[in-house]
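# Examining the three-dimensional arrangement
Chain by chain, the residues:
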Amino acid sequence: MIEAFDPSAPASRNSLFGLPFDADQCDLIIIPVPWEVTVSYHSGTSNAPEAIFEASRQVDLELPNIRDAWTMGIHMLPVSKELKEENTKYRGLATKYIDWLESTEEKTTPENLKIIPRAINEVCEKLNIFIKSQALKHLGRGKIVGLIGGDHSTSLGLINAVTDLFGGIGILQIDAHADLRKSYQDFTYSHASIMYNALKNPYINKLVQVGIRDFCKEEMDLIRDSQDRIVTFFDQDLKGDLYTGKLWMSICEEIVSQLPEKVYISLDVDGLDPILCPNTGTPAPGGLDFYQLIYLIETVVKSGRKIIGFDITEVSPGDDEWDANVAARLLYYVGNLAGVSNGKLSFRA
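Below: a short report on this structure. Because the structure is predicted, anything quoted here is derived from the model rather than measured. (Residues numbered from 1 in each chain as written. Predicted model: local features only at pLDDT ≥ 70, side-chain atom pairs only at ≥ 80, totals over all residues. Heavy atoms only, no water.)

## Some remarks on the overall build of the protein chain
For clarity, the threshold we go by: Under the scheme used here, helices are H or I runs from DSSP no shorter than 4 residues and strands are E runs no shorter than 2 residues, and both carry numbers assigned from the N terminus. Whether two residues touch is decided by their heavy atoms; if any such pair falls within 4.5 Å, the residues are in contact. Computed by Shrake-Rupley with a 1.4 Å probe, the accessible areas treat only the displayed protein chains as cover when residues are assessed. Neither His nor the chain termini are counted; the positive set is Lys and Arg, and the negative set is Asp and Glu. We put the charge of a Lys on NZ, of an Arg on CZ, of an Asp on CG and of a Glu on CD.
When its secondary structure is counted, the protein chain shows 10 helices and 8 strands. The principal-axis extents of the C-alpha atoms in the protein chain amount to approximately 65 × 50 × 40 Å. Contacts in the protein chain between residues far apart in sequence, at least 24 positions, make up 78% of those at least 6 positions apart. As presented, the protein chain carries roughly 14900 Å² of accessible surface, and 50% of it is formed by carbon and sulfur atoms. One way to put it: in the protein chain the 33 positive side-chain charges average out to a point 5 Å from where the 49 negative ones average out.

## Topic: the layout of surface pockets
Put simply, the rule is: Cavity: a set of points on a 1 Å grid over the protein atoms alone where a 1.4 Å probe fits but cannot get out. Pocket: an open set with protein on both sides within 12 Å along at least five of seven lines, its lining residues, like those of a cavity, having an atom within 4 Å of a point. Grid points are joined across faces, edges and corners, and a volume is the space filled by probe spheres set on the points. In this classification, the charged set is Asp, Glu, Lys and Arg, the nonpolar set is Ala, Val, Leu, Ile, Met, Phe, Trp, Tyr, Cys and Pro, and all remaining amino acids, among them Gly, are polar.
In this structure, the largest pocket occupies an estimated 320 Å³ of space. Its residues assigned to classes, the lining of the largest pocket shows 7 nonpolar, 8 polar and 7 charged.

## Details of the pattern of salt bridges
Let me state the cut-off plainly: Any Lys or Arg side-chain nitrogen found within 4 Å of a carboxyl oxygen on Asp or Glu counts as a salt bridge. When a residue's accessible area, from a 1.4 Å probe over protein chains only, is under 20% of the maximum for its type it is buried; when over 50% it is exposed; and in between it is partly exposed.
Taken as a whole and assessed by the stated rule, the structure comprises 11 salt bridges. Note that Glu122 is salt-bridged to Lys126, the shortest N-O span being 3.4 Å. Note that Glu122 and Lys126 are positioned in helix H3 (residues 111–139) at a spacing of 4 residues, about one turn of the helix. With a relative accessible area of 52%, Lys126 lands in the exposed category. Via salt bridges that share partners, Arg13, Glu54 and Arg57 belong to a single interconnected network.

## Topic: helix H10 (residues 322–341)
Quick note on the threshold: The span one expects for a helix is its residue count, reduced by one, times 1.5 Å.
Between the first and last C-alpha of H10 there are 29 Å, a value that for 20 residues agrees with the 28 Å anticipated at 1.5 Å per step. Gly343 occupies a position one or two residues after H10 and carries a positive phi of about 75°.

## Regarding the nonpolar core
For clarity, the cut-off: Residues grouped as a nonpolar core are buried Ala, Val, Leu, Ile, Met, Phe, Trp, Tyr and Cys residues, joined through side-chain atoms within 4.5 Å.
Counting 115 residues, the largest nonpolar core has Leu172 and Leu330 as the members making the most contacts within it. With residues up to four places along the chain from it excluded, the contact list for Leu330 reads Leu267, Val269, Leu272, Phe290, Leu293, Ile294, Ile312 and Gly335.

## Some words on the sheet that holds strand S3 (residues 144–148)
To be explicit about the condition: One requirement defines pairing of two strands: DSSP has to find at least two bridges between them. Angular values range over 0 to 180 degrees, each being the angle between N-to-C directions of two axes fitted as lines to C-alpha atoms, with helices fitted over their stretch in contact.
Spatially, 8 strands are ordered S2-S1-S3-S8-S7-S4-S5-S6 in an open sheet, and the strand pairing comes out parallel. The open sheet terminates on both sides in strands that have one partner only, identified here as strand S2 (74–76) and strand S6 (230–234). Mean inter-strand twist for the sheet, computed between neighbouring axes without regard to direction, equals 15°. Those strands touched by helix H7 (residues 235–243) are strand S5 (204–212) and S6, and its axis lies near 55° from that of S6.

In structure tokens:
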């Protein structure tokens, strides 16, 4: 079947990017997580895995910088119907609680609402355990594993799985938000707390944040008190460097120099310019353009560092599916760059 595959032909509807690889034949497994229980503004990210899968059929498979990119093999696991049903149930409860928080001046939570954050924290913890177990199964078979959210909280299980296998790592976080709140709206596993929760893992040696432009005092204090465990490249500073003549190449080299040998990439699409993700849950002015991001990740790979996992989160397809089209192309690029860093593919000469 692989020998007969024509990478220039119209893509099949039955597989990610129309590629002819199943879970055994591929090198890269994608875990889809249709989950947005704790989103605090616009919803829609739970629809991302299916929308990205659909949009992937429109992605041409040749890349200018990677030789025979399609041959590595990428396979997305089925979207779980059970997870979608759980998401709908608990998203309804979370919305009820958030609406109460935002509309009241009461200092005491009514008894009938106290159970909601406890229940949501419990189900989110179970989700993280499930994702970790799924990831470890495929990592143990020698696969590279990536994840498509869902909101950014879905990354935690995969992050903890790769540290179980690889030990000490660094996280390269592309994001508009610092995501370092201890909790948000009383939800321990909020999308706004993903990096705070990740840093509880002692094997996260470094968190390098890029594109940050929305953050609170609590988060800034944590960054400043981290003794360089957290290094943040604020978007305003990046733009200032560019405006005064600094090359993006030099900026990327500085960013990458902060990372250890093994790198996990956590890519919240709101780290991009909102023109590329207008329907994401909490967009913010500023951000990276598409090829600035690709160049940064290429710099990671060309430095000799190894990408040991990645996620793409906070994609909300919207009515026009634009965000999903951008995310599908990000997935193809980032996935194949992970392949290069793991020796599955090579850059063109």
